[in-house]
Number of protein chains: 2
Amino acid sequence: MTDPASSISQPTTVNVDLGERSYPIFIGAGLIDGDELVPFIPSSRAVIVSNTTVAPLYAERLTQALEAAGKRVDLIALPDGEQYKNLETLERIYDFLMEKQADRKTTLIALGGGVIGDITGFAAASFQRGVPFIQVPTTLLAQVDSSVGGKTGVNHPRGKNMIGAFYQPRCVLADTASLDTLPDRELSAGLAEVIKYGLLWDEDFLDWIEANVDALRQRDRGALTEAIRQSCLIKAEIVRQDEREGGIRALLNLGHTFGHAIEAGMGYGRWLHGEAVGAGMCMAADLSHRLELIDAATVKRIETLIASAGLPTRAPAELSTERLRELMDSDKKVEDGRLRLVLLGRLGQARLVDRVDDEAIRATIEATRATA
Amino acid sequence: MTDPASSISQPTTVNVDLGERSYPIFIGAGLIDGDELVPFIPSSRAVIVSNTTVAPLYAERLTQALEAAGKRVDLIALPDGEQYKNLETLERIYDFLMEKQADRKTTLIALGGGVIGDITGFAAASFQRGVPFIQVPTTLLAQVDSSVGGKTGVNHPRGKNMIGAFYQPRCVLADTASLDTLPDRELSAGLAEVIKYGLLWDEDFLDWIEANVDALRQRDRGALTEAIRQSCLIKAEIVRQDEREGGIRALLNLGHTFGHAIEAGMGYGRWLHGEAVGAGMCMAADLSHRLELIDAATVKRIETLIASAGLPTRAPAELSTERLRELMDSDKKVEDGRLRLVLLGRLGQARLVDRVDDEAIRATIEATRATA
């Protein structure tokens, strides 16, 4: 594990190895003003898709960097929030592309958080059956998770990410300086996914996170660069082994079946995705303990870390056990009527469990709901 | 070339060779009642997507055949027509799948013509980032063209097939008996694509079509089976060489840039796709002659064959040259601002031509518009 102090302002690159769809993730402060993206834009045209929060902060700088390299750049700024990650917003992107006469070689650049990345990625996957795509994630969550691995999509009123595609970007540019403008709540939401990688894959990394969680919350650039690098390395390795989620990629859903149920039940946008995953990982830990996979002390340690990252450890009181259980069945992880869950075998090692006992699931929901 | 009489009621199979995405096309009379599809449905559930014209004719028979094999089958019947090939109809499919709690292994079966195949294919490509997909085309056009090759999608108000994906079916089942119920106008529209294969790839096949066009219009089953088999062989070979249209697959667009402009200009649904392609091929032939690629007698021969198939050979008088020219620029074949057209080098051999002289294009439109 690199010492935070030694990595300050050193840009680094993680390669995602997917054969002919391989791509680099550039990580470092100030990269948005650089020319790393230029070789990945195959024609003279690019369209930046951003939102009304992020565009005023970074769109002009990114545009200038690309125009300096001779590119024509158009910008569309969408409304900000998970509640806009839907087919209607997707259609606004298509309308914009048609209006600007974008063609099959026009590159779409997602500038923003996970919502912008997911929706822009699906627009790129589907516009004219696929145009080049680049991710410039500006939230910690997007930098460590949603911008890596090629999952794109939008929500359906009845379920999250129900409509989408696997579509890899040409490259990812994670500018750590863009985290300076990130609200505390969103920084914590990103830490949920960082913690997830430690929990499911690498106990050493988990130890490192525990030791550095305060530095991360204080936005120490060295600590953030290291957290992003390690997270991307783990995700890249898992995606390399299983691009289309036939097997171990499903482990990345640790905490997500519970989390998605919380998000859907509360209405998209009220809980941040990372917040729901934080609570969801505590629920997965509780269930893992109930099924005698991990001990009570480990559950406690996980809850403590998640709380120290500024995240909720409990499902919201206003959702009933029945409602949460029902929402879990609408999640994509149901196959042929069976609910599959990612649980913990031990710290640093997640496993897929089929046909989990329904009573145990309900008991976990009961036990992990906040008291009203 | 097989003699029509010898192939009556002999089912045949064409294999589309795409590595791990390879699939068979079953061609024959009465296959809809058989069990060819069953091994290609990986779980216990299938959803038939059809339209209100085709569903009453064939949905029950197909459902019975699948239920006999132990499958649970749901049916959604969409409104019939190219004007419904849009995002709104796509959303109806998603809503239905969510309502029925379809999961990632639920197979979508397209039962109908090209519109149903294209929209269902894109729904299958995008629902939960991809579910199994089967084509049961019931029009000649879909059997020889749209059901083969994996192009799926919907129209945008400003352009045809602007939103979609490359997504291969698990198998295709072309029941020639289903052509008995096809209106004459749609049969002719299907013949446009059959003629296209001869024109662009195989002069012998073109000769055969000229000799058999009357038998085809009279729905001689042997002639139809042979026309479908040859068309699928040619399309399968082209798609095998170039699945994602980086090169020669573009040749399949012979007549289509003109044709799409006609369809868009008239409003989707007024001209059938095959009718627009019929006129579009005459326009491509005229332009090929203007550029001294083919002689006047060849243009005449092409026009005669297209007319004998019951197809228009002229663009509609009500669209101005200016309007048609402008609509051609919205077509997907524009890349980085350049219009590429498929033209004829000789009979049985098409070629892609970049930077076609704009005056020649306008002259062709002028010369090939119907007189009002």
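Keep in mind the model is a prediction, meaning the values are calculated, not measured. (Residues numbered from 1 in each chain as written. Chains lettered and ligands numbered in written order. Predicted model: local features only at pLDDT ≥ 70, side-chain atom pairs only at ≥ 80, totals over all residues. Heavy atoms only, no water.)

Student: Explanation requested: the overall build of chain A in the structure shown.
Tutor: A tally of helices and strands in chain A yields 13 helices and 12 strands. The C-alpha atoms of chain A give 20 Å as radius of gyration, which agrees with the globular expectation for 372 residues (21 Å, within 12%). A principal-axis box enclosing the C-alpha atoms of chain A has dimensions of 60 × 45 × 40 Å. Burial statistics for chain A: of 372 residues in total, 63% are counted as buried. Taking the average location of the 41 positive side-chain charges in chain A and that of its 53 negative ones, the two points are 4 Å from each other. (Helix = DSSP H or I, 4+ residues; strand = E, 2+ residues; numbered from the N terminus. Rg over C-alpha atoms; globule rule 2.2 N^0.38 Å. Buried < 20%, exposed > 50% of the residue type's maximum accessible area, 1.4 Å probe, protein only. Lys, Arg positive; Asp, Glu negative; His and termini not counted. Charge placed at Lys NZ, Arg CZ, Asp CG, Glu CD.)

Student: Sorry, what's going on with the domain arrangement of chain A here?
Tutor: Reports often express the size of an interface as the amount of accessible area lost when the parts come together. Residue and element names in this part refer to chain A. Taken domain by domain, chain A comprises domain 1 (4-181) and domain 2 (184-368). Computed from C-alpha atoms alone, the centre-to-centre distance between domain 1 and domain 2 is 25 Å. In this complex, domain 1 contributes 40 residues to the contact, which on the side of domain 2 involves 42 residues. A buried area of about 3500 Å², summed over both sides, lies between domain 1 and domain 2, and 63% of it is on carbon and sulfur atoms. Linking domain 1 to domain 2 there are four salt bridges. Salt-bridge contacts for Lys160 lead to Glu263; the nearest nitrogen and oxygen are separated by 3.3 Å. Put simply, domain 1 and domain 2 have nine residue pairs in polar contact (both at pLDDT 80 or more) between them. Put simply, the parts of the chain that give the side of domain 1 that touches domain 2 at least two residues each are α1 (4-7), β1 (12-16), β2 (23-28), α5 (140-146), β7 (151-156) and β8 (159-166). Residues of the side of domain 1 that touches domain 2, tallied by class, amount to 16 nonpolar, 16 polar and eight charged. (Domains from an automatic or database assignment. Contact = heavy atoms within 4.5 Å. Buried area = accessible area lost by both parts, 1.4 Å probe. Salt bridge = Lys/Arg side-chain N within 4 Å of Asp/Glu carboxyl O. Polar contact = N/O pair within 3.5 Å; in protein donor to acceptor, adjacent residues only side chain to side chain. Nonpolar A, V, L, I, M, F, W, Y, C, P; charged D, E, K, R; others polar.)

Student: Would you mind showing me how to read the interface of chain B and chain A here?
Tutor: If you look at the interface, chain B gives 38 residues, while chain A gives 39 residues. At the boundary of chain B with chain A, total buried surface from both sides reaches about 3600 Å², with 51% on carbon and sulfur atoms. One can count zero salt bridges joining chain B with chain A. The interface formed by chain B and chain A includes eight residue pairs in polar contact (both at pLDDT 80 or more). Elements supplying a minimum of two residues to the side of chain B that touches chain A: α3 (87-99), α4 (114-126), β7 (151-156), β8 (159-166) and β10 (334-335) of chain B. With seven residues, the top contributor of residues to the side of chain B that touches chain A is β8(B). Residue composition of the side of chain B that touches chain A, grouped by class: 11 nonpolar, 12 polar and 15 charged.

Student: Got a minute to help me understand the relation of the copies chain B and chain A in this structure?
Tutor: Here two copies of a chain appear, and what relates them is a rotation about an axis with a shift along it. Laying chain B over chain A is done by rotating through 180° and shifting 0.0 Å along the axis; what remains is an RMSD of 0.0 Å. The relationship between the two copies is best expressed as a two-fold rotation axis. Comparing interface residues between copies, 100% of those in chain B also sit at the interface in chain A, which points to an isologous, same-surface contact. (Least-squares fit on C-alpha atoms with pLDDT ≥ 70 in both.)

Student: Honestly, the state of the cysteines in this entry has me stumped. Any pointers?
Tutor: Residues and elements named next belong to chain B. Counted by the stated rule, this structure contains zero disulfides over all chains. Here Cys232 stays unpaired: no disulfide links it, and the sulfur of Cys171, its closest cysteine neighbor, is 13 Å away. Residue classification places Cys232 among the buried residues on the basis of a relative accessible area of 0%. (Disulfide = S-S within 2.5 Å.)

Student: I'm lost on the side chain of A:Asn51 in this one. Help?
Tutor: Residues and elements named next belong to chain A. Here Asn51 is to be found in strand β3 (residues 45-51). Asn51 sits in the buried class, given a relative accessible area of 4%. Sequence-distant contacts of Asn51, defined by excluding residues within four places in its chain, comprise Pro56, Ala77, Leu78, Pro79, Asp80, Leu111 and Ile116.

Student: I would appreciate a short explanation of the environment of B:Lys85 in the present structure.
Tutor: With respect to the element layout, B:Lys85 can be found in the loop between β4 (72-78) and α3. Note: C-alpha distance between B:Lys85 and B:Gln128 (43 residues apart in sequence) is 20 Å.

Student: Looking at this structure, how should I read helix α12 (residues 321-329) of chain B?
Tutor: Because an α-helix completes one turn every 3.6 residues, residues spaced three or four positions apart along the sequence face the same direction. Within the sequence span of α12(B), burial applies to B:Thr321, B:Leu324, B:Arg325, B:Leu327 and B:Met328. Down the axis of α12(B), the buried set is contained in an arc of 160°. They therefore lie on one face. (Arc of directions from axis to C-beta.)

Student: What's the story with the UniProt feature "binding site: Zn(2+)" (unreviewed entry) in chain A in this structure? I'm lost.
Tutor: All names here are of chain A. When the UniProt feature table is mapped to this numbering, "binding site: Zn(2+)" (unreviewed entry) covers Glu193, His256 and His273. A compact arrangement is adopted by the annotated residues: their sequence extent is 81 residues, whereas the largest C-alpha distance between any two is 10.3 Å. Residue position: Glu193 is located in helix α6 (residues 184-201). The class of Glu193 is buried, set by a relative accessible area of 0%. With near-sequence residues (within four places) excluded, Glu193 lies in contact with Leu141, Val144, Asp145, His256, His273 and Val277. Structurally, the position occupied by His273 is in helix α10 (residues 273-290). When its relative accessible area of 16% is taken as the criterion, His273 is described as buried. Excluding anything up to four places from it in sequence, His273 contacts Leu141, Lys160, Glu193, His256, His260 and Glu263. A polar contact of 3.2 Å, which involves the side chain of His273, links it to the side chain of Glu193. (UniProt positions renumbered as here; feature names shortened; annotations may be inferred.)

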